[in-house]
Each structure stands twice: as structure tokens, then as C-alpha cells.
Amino acid sequence: MALQTEPFILNVGPQHPSTHGVFRMKVTLDGEVVVDVEPVIGYLHRGIEKMGENRTYTQIIPLTDRLDYLASLTNNLAYVLAVEKLAGIKIPERAEYLRIIMAESMRISSHLMAVGFFLNDLGAMMTPVLYMWREREKLLDLFEMVCGQRLTYNYMRIGGVSHDIPEEFLPAMKKFVTEMPGFLDEYDQLIASNEIVLVRTKGVGVLPKETAIDIGASGPVLRASGVKWDTRKADPYSIYDRFDFDIPIGAAGDNYDRYWVRMQEMRQSLRILEQAMAQLPKGEVIADVPQLLRPPVGEAYGHIEAPKGELGFYLVSDNSIAPYRFHIHPPTLINLTALKDMVVGWKIADLIVTFGSIDVVLGEIDR
Amino acid sequence: MTLLQNFRLFLDGMNWPDWAAYLVAGLVGIIVVLAFVLVLVIVFIWFERRLLGRFQIRLGPNRLGPEGIFQPLATAAKILMKEDIVPAKADKIIHWLAPVIVFVPVLLIFAVVPISQGAILSDLNVGIVYVVAVSAVSAIGIYSAGWASNNKYALIAAFRTVAQMVSYEFPLVLAIIGVVLMAGSLSMTEIVESQTIPYIILQPLGFVIFFLCTIAEMNRSPFDLLEADSEIVAGYHIEYSGMKFAMFYLGEYGHALAYACIVTTLFLSGWKGPFLPPILWFIIKVFLVFGTIVWMRATLPRLRVDQLMGFAWKGLLPMAIINLFIVAAEVLWLPEINLWILVVVNIAAAGILVLLWSRLFTLGGGRVEV
């Protein structure tokens, strides 16, 4: 007599150690094997888009901090770029460079968290995370030096940045940039030569190139699948065309490649940081922009390569002090749609790891 | 003649009735062993937390008492004050019974652990068989905890328990047989006494297999699938709180202590060592073993369930069988040989086998079509 078995539904989240916030997955399991995944989002919905329509353009900047709260500065950047596009504002040279310096350090900080928690999901209990945190902490100290905050910076302004960097910032940043490659080598050696990490990540959670393009994935998730697409190169915003850097791409599109691409991107960010600090000009850091900005009637879409992918802000102006429509294109929401394709047929442990490898932040997904 | 038997004879000599001497001596022995175990378990908890802190570039608990040594007591007090919650649809009797089934066998193991010459509660002539038999009972407790909780996470953990515990029992026992063959006895005391060279050097392969199996048996990283934090939250004890949770907690550390003692006895020549008193040597070795386990926990990620099975059945089991044949051949045909020659031969064999196996097979399967 054949044994009767049936799949069962497991609720992963919203309260779960590995959902990176309040995310819920309705997972259908056949024993340990994942048959179906249905993501349920909205537990962190704060209505940021609607709130934005009732605020002045400058007042929206702190709201953007609360989207992807592990990469607030790049959110700031994407938003102010969109507003500047809408209102046609030119910004001072020095502010451009400061923005790049902050955005690239933010990328390193965000990727450190992503890689650390990815390994935590693999079961390496807290140790890698804490080592990554050690480096991130140095960056947070630098950010604190500049704008007094450690998580929600609210640093960028329409027309520049809120204030200039203090004297001690550049030497400290230079020290960080020279030390960091050594740490990255160390982490690479520890992680990439660990047999268990390799068997757990190589070939697991593969996202084929075609699927990645079809769903509109972006960021490390897309590049790990072998697509050479980076907004910094494909549609250079700010002053990215002045820097020399490479776009690392993966081959297989598996969990290991997503980890590897992030490690390489940190190295590239360090290269950009070095160049930006060398070229940093003197001068003003903010253009003369009216307090109550009234952009001309029209619409603008500003997008940047945020640490997690292509982050865009769509703004419609009716010539009043608040945007008529304020829409956010969050990268991780789009990347998350690939989850089911990546995990069906793998074990529940792989589901957690693959989910971690997408590197989602719920603040951005639920908005 | 153990210390306990001496004590009983002493009471007999004081003209105590036979039954009273037996009872008093037994009770004293039990209390001494329990005190030893519980104190060491508390020190273990502190030791692990401090050591993990060092591995993770932080300090670990250091506030309560010197170097935070009393932190486990505070933790225990906190746990005991928690409300005891039983899920509405849980199987109440089994839910209540499971922590006991997990905890009691752990204590039973210590009856045959020789802490020093003669310092053993009962020098059973089948000591090591008793250890294997008793420690396997814990699996039933964990399974019933997962089953009775009426929670899907706990249920997954329960399924994993059965698979993992049963799979790792085979290589574990085979590795023990290697030691038993060489020692020529099943008694724990005699195994220690027969070690002129510690078996860790004489049977390195057996030691590695046994050590990995014990880590799997006590559900510690990288084999901690039963309570895989990032996957199934807390596994089988997800629905436990208060004293019942404390029993699991104590059981887990008691298990670690018990297996550290067994590893010390079987492979690290127990209480033997120069200069220091035997009991101190024993405790030093136990802490060394436990420190290695904590080190692994701090370093390694977790295996997946199919990789875990593959490692047991494709890796450890064949190697354990080959190791057993090597040891048996040595005992049968070369009984008079200088042991140091065997040391060289066995280390070479272990190296070759491990290399060969790492080339021959890969861990685990891939995607399942659904």
C-alpha cells in the first residue's frame, strides 16, 4: 500500500528571524521541499507616497530616509535628482562630489549588511554579521561626523547637500578606503573557501538571465545573472561618467554569484571613492534654491543605481509647493517577484537563503 | 574498587545495617554527581557565552559577578519566572513529559563517567554500551516535543530529529567499537586505563568520526538543524516556556557536557596526565573539547538536511567501517607491535581516506522536480 502524503502550508513570518523585517511567505511544503511560495506584503505600509503629496518638496527628503533604511543616503540622492530634473536646478561641483562620496560609502555599508545577513541565513550564527558590522560601524561614524545621524541621514538637499564635510572627514575616509580592501580579502578568503558555504550556495536558487530581464530585476540580483546593466553606466546621472570603474557580473545567477557580485561591487565603490576624494573641488555645497520650491507644471522620473537595484522617483508637479503625485519605484519589490522562480523545488533552508540573497528591506517594499 | 564501594564498606564497618549503608552511599553518590553536573553545566553556559563573545569581537556577559560568572544564574531565574504556556491544541501529557524524557537520560549518562581513578558512580562492565543506549532515548523526547506542540515548525524539527539521530548513531557506534577493540573492554574505567597513548593519536580517523557524530547527536552547529534559528525559528522547543524550556536548555548543555566527558574518556585518556591532580586534568580536557565545539558553532554555517544525511551515510559511515577494519586487523595480527608504529600508520591512513573521500563524493542533492 502506498503511503498517503499531502503538502502542507507553513506560514513563514511576519514574525520570523529571517524575514528581514515584517515579511510573510505562505509556503507550501512537501516534506522539506518547497512546492509553492506566496509572498504577502504590506505589514510595514505607512503610506509614504500619499504623505508625500501633502508635504513640500524639501519635507519629503526625510520620508525617503524611511524607505530603504539601510541605504538612506542613496534614497535621498534619487529623490533630489528627480526634483532637480523637474525644476531644472544646477548644483555646485563640490556638492556633486560629496553626493558621490556619500552614495558610494552607503553602497558599501548596505552591501556589508546584505552579505552579513545572507551568511546569517546560512546558519553561521551571528559571527559574519558582527564582523561586517565592525566595518559598517566605521562608515556610520563617518556619516555621523558629516550629518549627525547614524541611520536616517536626511543629508541631501534640493540643489546640493545640507552642509559641508568637517575637516577630519577626508583623512578618516582615506584611512577607511585604504584599510577596507584588506578586510574584504580576509572575508573573501574565509567565506569563499568554506566548503559548507559553497555546497549551500553554488547552483542553488538560480535566476536565469532571461527571467531576470523579463521580470525587470535590477541591481546585484540582475548582474549576478550575467546581465551587464548598471544605471551608473547605462544612464549616467550626477557625475558618474567622470569615474573609472567596472561592473562585476556573475555567470550562473545562483546565490553564490549574488554574494560574489556584492563583494566585488564594494571594491569598485572603493575605487570610485578614491577618485572622488582626489578630484574633490572647493566651493559652495548648495545652490540657491527657494525654500518653497514651485517646480513648473510637468513630470520627471529620476533613477539611480541604489545598492539594491534601480531606485526611481516619479514626480508630477502642478506648480504648487507639494508634488501632485509622488511615486516610488523600489528595486527590491521588483526583485522579490523572482523569489518563486528561484526556490520552487529546493528545500525550505534554501528558501531562506535565497530570500536573504535578494537582500530586501521591507521599508522599501511596503512604503 | 570505586570510591563509592569503599564508602559503603566504611559504613558497613561502622555497624550500619546493610540496606542503610547501601541507601546512604547511593544517595551521597547521586548528590555528588548531580552537583558536579549542574555546576559544570552552569559554568559551561557562561563559558560558551564568553567564548562566543570573543569569537564575535564582542565581550559577552560580564556584569554579574567577576567576569559575569553569575549570568547563567540570572538567566535561569528569568526563565523560571516566565509563564508556562501550553498551546490549546497540544497533546498536554506528552507536551509535559517531553522535557523530562530529554533531560533525564542526560543525567543517567553521568553514572558511568569516570571523573578520576575510582570516582565513578557505577563502574559498569558494559559502560559504553549503556552510554549509547541511554543517550539515544533523548531523541524520543525531542521527537515527542515536536509532535505534541501542534506547531508546524516543531513538527519539521521532529522529523529532522528522527532522521538525524538515527543516521548519526551508526558511525558513532562503529567509531566506539574501534576503541573498544583496542582497549579490550567495554568498561569506561578500563578504556581509560588501557590508553598508554591517547586514542586521539592512535585512532585519529575514529576520533574525527566520533567527534562529528557527537556534535550531530547534541544538535550543535553545523548540524543544528533541529533548532535552526534562521529556518524553523527554534525547532522542537518553539512552544515551550518557563521551567519546561529550562529543562530543554539544561538538557542541551548537559548533553554537551556528557559527550565532552565521553570524548575525553574514550579518546583523550580521561583523567590521566602529569603533574596536576586527575580531576583537574579531566576538567581541563572536557573544557578543551567543549571549546572546540563552541569554536565550530561560531565559525561554520549550517548544512542542509539532505547534505546532512549524505554526510552521514556517504561520508562517515563507510569511513567508520574502514576504520573499524583497520583497527581490527591491527589488534588481530599485530598485538605485540610498538604502538608508535601504529600511530604513524593510522595517521597516514586517516589522511589518505579523508582526502580520497573529499575527492570521491559531493554533499547532497540538487533541485527536486515538483
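Caption draft 1: Examining the overall build of chain A more closely. What chain A contains, in helices and strands, is 15 helices and 8 strands. For 367 residues, the compact-globule estimate of 2.2 N^0.38 gives 21 Å, and chain A sits close to it at 21 Å. Its C-alpha atoms give chain A principal-axis dimensions of roughly 80 × 45 × 35 Å. Here chain A, with 367 residues, has 51% of them falling under the buried criterion. Across chain A, the fraction of contacts at a sequence separation of at least 24, relative to all contacts at a separation of at least 6, is 71%.

Caption draft 2: Region of the structure containing the interface of chain A and chain B. Tallying the contact residues gives 34 residues for chain A and 30 residues for chain B. Across the side of chain A that touches chain B, the residue classes tally to 20 nonpolar, 7 polar and 7 charged.

Caption draft 3: Structural view of the sheet that holds strand S2 (residues 24–30) of chain A. Residues and elements named next belong to chain A. Judged by pairing direction, the sheet is antiparallel, and its 3 strands sit side by side in the order S1-S2-S3 without closing on themselves. Only two strands of the sheet have a single partner each, and these edge strands are strand S1 (8–12) and strand S3 (33–40). This sheet shows a mean twist of 25 degrees between the axes of neighbouring strands, independent of strand direction. In this sheet, S3 lies alongside S2 in antiparallel orientation, the contact comprising 7 bridges. Counted as the bridge partner of arginine 24 is valine 40 from S3.

Caption draft 4: Quick look at unusual backbone geometry. Residue and element names in this part refer to chain B. Of note in the backbone geometry, isoleucine 57 takes a positive phi value of approximately 40 degrees without being a glycine. Tracing the sequence through the fold places isoleucine 57 in the loop between helix H2 (18–55) and helix H3 (71–80). We classify isoleucine 57 as exposed; it has 11 C-beta atoms within 10 Å. Positive phi, normally seen in glycine, also occurs at asparagine 219, with a value near 55 degrees.

Caption draft 5: Focus on helix H3 (residues 72–87) of chain A. In a regular helix each residue adds 1.5 Å, so 16 residues correspond to 22 Å; H3 of chain A covers 23 Å between its end C-alpha atoms and thus fits that length. Among the 16 residues of H3 of chain A, 15 are classified as buried, and the element is accordingly described as predominantly covered.

Caption draft 6: Seen up close, the sheet that holds strand S7 (residues 309–317) of chain A. Residues and elements named next belong to chain A. The strand order S6-S7-S8 describes an open sheet built from 3 strands, whose pairing is antiparallel. If you trace the sheet from one side to the other, it starts and ends with strand S6 (298–306) and strand S8 (325–329), each paired once. For this sheet, the mean angle separating the axes of adjacent strands, direction not counted, is 10 degrees. Here 9 bridges tie S6 to S7, and the two strands are oriented antiparallel to one another. Across the sheet, the residue bridging to glycine 302 is phenylalanine 313, located in S7.

Caption draft 7: Inspection of the nonpolar core at higher detail. In this structure, Ile209, Phe210, Leu257 and Val263 of chain B are the most contacted members of the largest nonpolar core, which totals 214 residues. With sequence-adjacent residues up to four places away left out, leucine 257 of chain B is seen in contact with Val37, Leu40, Val41 and Phe44 of chain B.

Caption draft 8: Expanded view of the packing of helix H4 (residues 93–121) of chain A against helix H5 (residues 127–147) of chain A. All names here are of chain A. Relative to each other, H4 and H5 sit at 165 degrees, their axes nearing to 8 Å. When the axis of H4 is compared with that of H5, the two are roughly antiparallel. Remark: the crossing between H4 and H5 carries left-handed chirality. Packed against H4, whose contacting residues are Ser105, Ile108, Ser109, Leu112, Met113, Val115, Gly116, Phe117, Leu119 and Asn120, the element H5 presents Pro128, Val129, Met132, Trp133, Glu135, Arg136, Leu139 and Leu142 at the interface. Partitioning the contact of H4 with H5 into residue classes produces 12 nonpolar, 4 polar and 2 charged.

Quick notes on the rules
- Residues numbered from 1 in each chain as written.
- Chains lettered and ligands numbered in written order.
- Predicted model: local features only at pLDDT ≥ 70, side-chain atom pairs only at ≥ 80, totals over all residues.
- Helix = DSSP H or I, 4+ residues; strand = E, 2+ residues; numbered from the N terminus.
- Rg over C-alpha atoms; globule rule 2.2 N^0.38 Å.
- Buried ≥ 20, exposed ≤ 12 C-beta atoms within 10 Å, placed from the backbone.
- Contact = placed C-beta atoms within 7 Å.
- Nonpolar A, V, L, I, M, F, W, Y, C, P; charged D, E, K, R; others polar.
- Pairing = 2+ DSSP bridges.
- Axes fitted to C-alpha atoms, helices over the stretch in contact; angles between N-to-C directions.
- Expected span 1.5 Å × (residues − 1).
- Core = buried A, V, L, I, M, F, W, Y, C linked by C-beta atoms within 7 Å.
- Parallel < 35°, antiparallel > 145°, perpendicular 65-115°, else oblique.
- Left-handed = near helix turned anticlockwise from the far one by under 90°.

So yeah, pure geometry; function would need other evidence.
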